[in-house]
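Now for the letters of each chain:
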Amino acid sequence: MAIEPNRARNSGGRAWEIPTVDQVMVEERAASFTRRSIKAGAKLAGLKLAVSMMDLTTLEGKDTPGKVAFLCRKALQPLDPVYQVPCCGAVCVYPNMVRHARRFLGVDSPVHLASVATGFPSGQYPLPTKLAEVRRAVGDGADEIDMVIDRCAFLAGEHAKMFDEIAAVKTACGAAHLKVILETGELVTYDNVRLASQIAMEAGADFIKTSTGKVQPAATMPVTLVMLEAIRDYFLATGVRIGMKPAGGIRTSKQALHYLVMVKETLGDDWLTPDLFRFGASTLVNDVLMQIVKAVDGNYQAAEYFSLP
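Residues numbered from 1 in each chain as written. Predicted model: local features only at pLDDT ≥ 70, side-chain atom pairs only at ≥ 80, totals over all residues. Heavy atoms only, no water.

Undergrad: Honestly, the overall build of the protein in this entry has me stumped. Any pointers?
TA: Along its length, the protein carries 11 helices and nine strands. For the protein, the C-alpha radius of gyration of 19 Å lies close to 19 Å, the compact-globule estimate for 309 residues. Taking the principal axes of its C-alpha atoms as reference, the protein extends roughly 60 × 45 × 30 Å. Counting 34 positive and 33 negative side-chain charges, the protein places the centres of these two groups 4 Å from one another. (Helix = DSSP H or I, 4+ residues; strand = E, 2+ residues; numbered from the N terminus. Rg over C-alpha atoms; globule rule 2.2 N^0.38 Å. Lys, Arg positive; Asp, Glu negative; His and termini not counted. Charge placed at Lys NZ, Arg CZ, Asp CG, Glu CD.)

Undergrad: Is there a simple way to think about the pattern of salt bridges in this case?
TA: This model, assessed by the stated rule, comprises 23 salt bridges. K179 serves as the salt-bridge partner of D55, at 3.6 Å between the closest nitrogen and oxygen. With D55 in strand β3 (residues 55-57) and K179 in strand β7 (residues 177-181), this residue pair connects regions lying 124 residues apart in the sequence. Classification of D55 by relative accessible area gives buried; the value is 0%. Residues D270 and R241 are paired through a salt bridge, measuring 2.9 Å at the closest nitrogen-oxygen approach. Of the two residues, D270 sits in the loop between α10 (253-267) and α11 (284-297) while R241 sits in the loop between α9 (221-238) and β9 (243-245), which places them 29 residues apart along the sequence. (Salt bridge = Lys/Arg side-chain N within 4 Å of Asp/Glu carboxyl O. Buried < 20%, exposed > 50% of the residue type's maximum accessible area, 1.4 Å probe, protein only.)

Undergrad: What is the right way to read the nonpolar core from this model?
TA: Note that soluble globular proteins tend to have their nonpolar side chains buried in a common cluster. The biggest cluster of nonpolar side chains holds 90 residues, and the ones touching the most others in it are M54, I166, V180 and F279. With residues near it in sequence (within four places) discarded, M54 still touches C88, G89, A90, F279, L284, V285 and V288. Grouped together as the second largest cluster of nonpolar side chains are seven residues, A114, V116, V148 and I181 included. (Core = buried A, V, L, I, M, F, W, Y, C linked by side-chain atoms within 4.5 Å. Contact = heavy atoms within 4.5 Å.)

Undergrad: Would you explain the state of the cysteines in this entry?
TA: Think of a disulfide as a covalent bridge from one cysteine sulfur atom to another cysteine sulfur atom. Within this structure, the stated rule accounts for zero disulfides. Counting only cysteine sulfurs, C88 is the nearest neighbor of C87, a cysteine outside any disulfide, at a range of 7.1 Å. Cysteine C92 shares no disulfide, and the gap to the nearest cysteine sulfur, in C72, comes to 11 Å. What makes C92 buried here is its relative accessible area of 1%. (Disulfide = S-S within 2.5 Å.)

Undergrad: Sorry if this is basic, but what is going on with the environment of D269 here?
TA: Relative to the elements of secondary structure, D269 occurs in the loop between α10 and α11. Each C-alpha atom, one on D269 and one on Y83, is 24 Å from the other, the two residues being 186 residues apart in sequence. A polar side-chain atom of D269 sits 2.6 Å from a polar atom in the side chain of K264. (Polar contact = N/O pair within 3.5 Å; in protein donor to acceptor, adjacent residues only side chain to side chain.)

Undergrad: What is the right way to read helix α3 (residues 65-76) from this model?
TA: In an α-helix, one turn spans 3.6 residues, which is why side chains three or four residues apart end up on the same side. Spanning 12 residues, α3 covers 16 Å between terminal C-alpha atoms, matching the ideal 16 Å at 1.5 Å per step. Of all the residues in α3, the buried ones are V68, A69, L71, C72, K74 and A75. As for α3, its buried residues are in contact with β3, β4 (90-93), α4 (98-105) and α11. (Expected span 1.5 Å × (residues − 1).)

Undergrad: Just checking my understanding: could you explain α4 for this structure?
TA: Listed as buried for α4 are V98, H100, A101, R102 and L105. After α4 finishes, the residue G106 shows a positive phi value of roughly 90°.

Undergrad: Whenever I open this one, unusual backbone geometry confuses me. Can you help?
TA: Leave glycine aside and you will find that most residues have negative phi; peptide bonds, for their part, are mostly trans. Each neighbour pair has its own omega, and for F120 with P121 the value is 0°, a cis peptide bond. Considering the arrangement of structural elements, one finds P121 in the loop between β5 (112-117) and α5 (127-139). That bond from Q216 to P217 is cis: its omega, 0°, falls within 30 degrees of zero. Structurally, P217 can be placed in the loop between β8 (207-209) and α9. If you check the backbone angles, T118 has positive phi at about 65° while not being a glycine. Tracing the sequence through the fold places T118 in the loop between β5 and α5. Unlike most non-glycine residues, E183 shows phi in positive territory, near 50°. Assessed through its relative accessible area of 0%, E183 is described here as buried.

Undergrad: How should the pairing of β4 be read in this particular structure?
TA: Along any regular strand the residues' side chains alternate between the sheet's two faces. A two-sided burial pattern is seen for β4, the buried positions comprising A90 and C92 on one face and V91 and V93 on the other. Where β3 lies against β4, three bridges are found, and the strand directions are parallel. Of the residues in β4, the one forming a bridge with T57 is C92. Following the chain from β3 across α3 to the adjacent parallel β4, one finds a crossover that is right-handed. Note that β4 and β5 share four bridges and pair parallel. Residue pairing across strands places C92 opposite A114, the latter belonging to β5. Handedness of the crossover joining β4 and β5 through α4: right-handed. (Pairing = 2+ DSSP bridges. Right-handed = clockwise from strand over helix to strand, strands pointing away.)

Function cannot be inferred from these measures alone, as they are strictly geometric.
Written as structure tokens, this is what we have:
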């Protein structure tokens, strides 16, 4: 996919070298993953794996402790135990809702508790405010912080500012994992997505994430492939495994399986775990659950049999 290196230099003199992304090639390869044939047994296993990788999310102004409690219960037991479906990967809420989610999930929950921070979704807050928000969310019980980068700084070429902010947020996270949201729909080009991925990983991201879900386009397969290949190259250079989270726009079980095929063929089986791959797609969960029921029982349940995410 690489043709020639680009050099992005920050104001401090440091340079990041990245390959120029071949747009035609990345889009054709991404499309090829949608044509893979998956057998019935592998499909059921893949659907259950997808459930275990979902971050159930509520990020609305009308969020209440009751709504958060409902989401936590769904994450802990997405489907009747007879179907042997694992719990979801995480619940993701605004910082003000973290303490409520922690109370409902408990201390030793198998479901992680994530919180968006750093002026989500715009990222246009002063750094001290961003860091205070992160520390508060972690103090209230968040296991994971989903931060959003300052796209204004990145697009203005202030790559050092982006790097330094991510590094500062990583420090503020303490033991909590850091997911860095690139908001790829605003980065314009695949080259920018690749560069932002590289900077985020070098600055300390545990995961890189496509989108806030508030901007369109959100997650797409070509953009996700660009980020997966950045992760692969970073692993080959450093030995460090970085996680990936496509978020927004993934609504069907068929799409979820396509993404899992792409992860397997790009990064290998080691990344097929909730520790290294997540879906940020609450609207996806019910479609996947319906397909699991169909695979086990041989017929579909009506949509009203499944609680809203």
